[in-house]
Amino acid sequence: MSDLGGCASEHCITCSDEGVPMRVLEPGTDGIAVCAGEDDAPCDVLVDLVGTVASGDTLLVHAGVALLRLEEGALR
Amino acid sequence: MKFVDEFRDAELGRVLAGQIAAAVEPGRHYKLMEVCGGHTHTIYKYGVDDLLPANVELVHGPGCPVCVIPMGRVDDAIAVAREPGVIFTCFGDMMRVPGGHGTLLEAKAEGADVRMVYSPLDALRIARENPEREVVFFAIGFETTAPSTALTLMRAKREGIPNFSVFCNHVTIVPPLRALLESPDLRLDGFIGPGHVSTVVGARPFAFIPADYGKPIVVSGFEPLDVLQSVHMILRQLVEGRCEVENQYARVVPYDGNMAALRVLAEVFELRPHFEWRGLGFISHSALRLSAAYAGLDAERRFRVPGVRVADPKACQCGEVLKGVIKPWECKVFGTACTPERPIGTCMVSSEGACAAYYNFGRFAREREVV
Ligand code: SF4
């Protein structure tokens, strides 16, 4: 992304007020997990609000914070 | 991607559109407001409104966090960014929002150290890496992004990072909705409720809308089928004479909210007595500031902030757009003097802003032909 920001993409990540489903790649330590979204780019996510996470969990992430764990069976 | 693809199925969309068409009463006009900019983005990206009958109109509400920041607060941010030794960090969109004296991007071009971050945690990392500099984070957003700022502040306090502070502009969702509902020029039949804010606050805080104002609200997800289903649920309430809070996004939104996030917000923030909203004026108890326990990390206490109120440019009609009184393309400067490259108003900056959503997805050309 350019330094200008702009968000013609899937969602507005530059104001970060968007819940993005992300996959846990590494649970990490000290409340920070490495996660990836649709673009597979790894990034740090604070998981203080969702407790212990495991690789493969899907989290709803806002501005770098996981707000909740998404349960597969709860979709429909 | 899992959790997403299921909600973009075109065939299911057509089925839902048929159910909506069957639900509406011919001759009655339905005006529904999507509160959240994320819904505006979905509606124009996927052409959701094209699937609706002509008598179902969607209007855009004040839920884009960038769009509601008043010009004076941008000027305050620029003043802090220009302080010697400051590294000023913010989300990308905020760099292009015009204040009365330019944008943060222009301040950067003139020498201020303004850096884009994706989360407040990034700003805290910059503070750790630059102990000789003051690092300020420009916090914006509703109750969705506020937990991120709160958790970062808790970390900063715990780690004793002395050179980190937050210029707090977090806002809350219920007071502006109440202000909108009190507005005499507003005529709405129901609300598509903000799904992401509700992941934190829950659906319960919206109960005042049916109880006090007699309008239905359906908390909605953000995929095209979510929005279509929510429209259908609102119309069914209207047709059946019901008026309540329904939760279409129950797979994500707990009715009572996210208790852990609410606890964190209560520790780090307190309500401001009042806060100015772009286009909506001052609204009581509609924004957050740092609580006494976190006052030492408050940029407004650490730096001199001018705090001058700046009137919107005369040509700007963002207020009317944010209240759903006019469509973006009805603003006189839409697509001419005001474009995403050179925005006059905030609604043209973020892709969740109604004007930018219209502009980016090429909607305005067709709308003008219709006129
Ligand atoms: S076109 Fe520009 S000035 Fe007019 S309402 Fe939209 S953002 Fe505001």
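Coordinates for the structure precede this section.
1. A word on the site of the ligand
Logical step 1: In the region of the ligand, the neighbouring residues are Cys316, Gln317, Cys318, Val321, Cys331, Val333, Phe334, Cys338, Gly345, Cys347, Met348 and Cys355 of chain B.
Logical step 2: A breakdown of the residues in the shell around the ligand according to their chemical character gives 10 nonpolar, two polar and no charged.

2. Section: the packing of aromatic side chains
Residues and elements named next belong to chain B.
Logical step 1: For the coordinates displayed, the defined rule picks out eight aromatic pairs over all chains.
Logical step 2: Both rings, one in Phe208 and one in Tyr213, keep their centres 6.2 Å apart while their planes meet at 85°; by these two values the pair is edge-to-face.
Logical step 3: Classification of Phe208 as buried rests on a relative accessible area of 9%.
Logical step 4: On the numbers, 6.2 Å between centres and 65° between planes, the contact of Phe334 with Tyr359 is edge-to-face. Highlighted residues: Phe334 in the loop between helix 13 (318-322) and helix 14 (354-360) and Tyr359 in helix 14, separated in sequence by 25 residues.
Logical step 5: Clustering of aromatic rings is evident, with ring pairs tying together Phe88, Phe138 and Phe167.
Logical step 6: The side chain of Lys157 reaches across the aromatic face of Tyr294, ending 4.5 Å from its centre.

3. A closer look at the sheet that holds strand 6 (residues 164-170) of chain B
Whenever strands of a sheet pair, they do so through backbone hydrogen bonds, lying parallel or antiparallel.
All names here are of chain B.
Logical step 1: Across the sheet, four strands lie side by side as 4-3-5-6; this open sheet has parallel pairing. Since the sheet does not close on itself, it has two edges, and those belong to strand 4 (113-116) and strand 6, each with one partner. Geometrically, the sheet is characterised by an average inter-axis angle of 25° between neighbouring strands, direction not taken into account.
Logical step 2: Helix-sheet contacts for helix 5 (residues 120-129) involve strand 3 (86-90), strand 4, strand 5 (134-141) and strand 6, and the interaxial angle to strand 5 is about 175°.

4. Some details on the pattern of salt bridges
Residues and elements named next belong to chain B.
Logical step 1: Summed over all chains, the structure comprises 26 salt bridges over all chains.
Logical step 2: The partner of Lys327 in a salt bridge is Glu57, and the shortest N-O contact between them spans 3.6 Å. A residue pair is termed long-range when its members are at least 10 positions apart, and Lys327 in the loop between helix 13 and helix 14 and Glu57 in strand 2 (residues 56-63) qualify at 270 residues.
Logical step 3: Under the relative-accessibility criterion, Lys327 is labelled buried at 14%.
Logical step 4: Glu57 gets classed as partly exposed once you look at its relative accessible area, which sits at 23%.
Logical step 5: Between Glu134 and Arg302 there is a salt bridge, with the nearest N and O atoms lying 2.8 Å from each other. Placement of Glu134 in strand 5 and of Arg302 in helix 12 (residues 299-302) is noted, with a sequence separation of 168 residues between them.

5. Digging into unusual backbone geometry
All names here are of chain A.
Logical step 1: Phi angles above zero are rare outside glycine, and Asp40 is one such case at about 65°.
Logical step 2: In this structure, Asp40 sits in the loop between strand 2 (32-36) and strand 3 (42-46).
Logical step 3: One non-glycine residue, Ala63, lies in the positive phi region at around 50°.
Logical step 4: Within the element layout of this structure, Ala63 appears in the loop between strand 4 (58-62) and strand 5 (65-69).

6. Things to note about the nonpolar core
Logical step 1: Grouped together as the largest cluster of nonpolar side chains are 136 residues, with contacts concentrated most on Phe88 and Phe164 of chain B.
Logical step 2: Examining the composition of this core, we find that eight residues originate from one element, helix 10 (residues 224-240) of chain B, more than from any other.
Logical step 3: Mapping this core onto the domain boundaries places at least three of its residues in each of domain 1 (1-312) and domain 2 (318-366) of chain B.
Logical step 4: Counting residues in hydrophobic clusters, the runner-up holds 12 residues, among them Val47, Val50, Leu59 and Ala66 of chain A.

Calculation rules
Residues numbered from 1 in each chain as written. Chains lettered and ligands numbered in written order. Predicted model: local features only at pLDDT ≥ 70, side-chain atom pairs only at ≥ 80, totals over all residues. Heavy atoms only, no water. Near = heavy atom within 4 Å. Nonpolar A, V, L, I, M, F, W, Y, C, P; charged D, E, K, R; others polar. Phe/Tyr/Trp six-rings, centres within 6.5 Å; stacked < 30°, edge-to-face > 60°. Buried < 20%, exposed > 50% of the residue type's maximum accessible area, 1.4 Å probe, protein only. Helix = DSSP H or I, 4+ residues; strand = E, 2+ residues; numbered from the N terminus. Lys NZ or Arg CZ within 6 Å of the ring centre and 35° of its normal. Pairing = 2+ DSSP bridges. Axes fitted to C-alpha atoms, helices over the stretch in contact; angles between N-to-C directions. Contact = heavy atoms within 4.5 Å. Salt bridge = Lys/Arg side-chain N within 4 Å of Asp/Glu carboxyl O. Core = buried A, V, L, I, M, F, W, Y, C linked by side-chain atoms within 4.5 Å. Domains from an automatic or database assignment.

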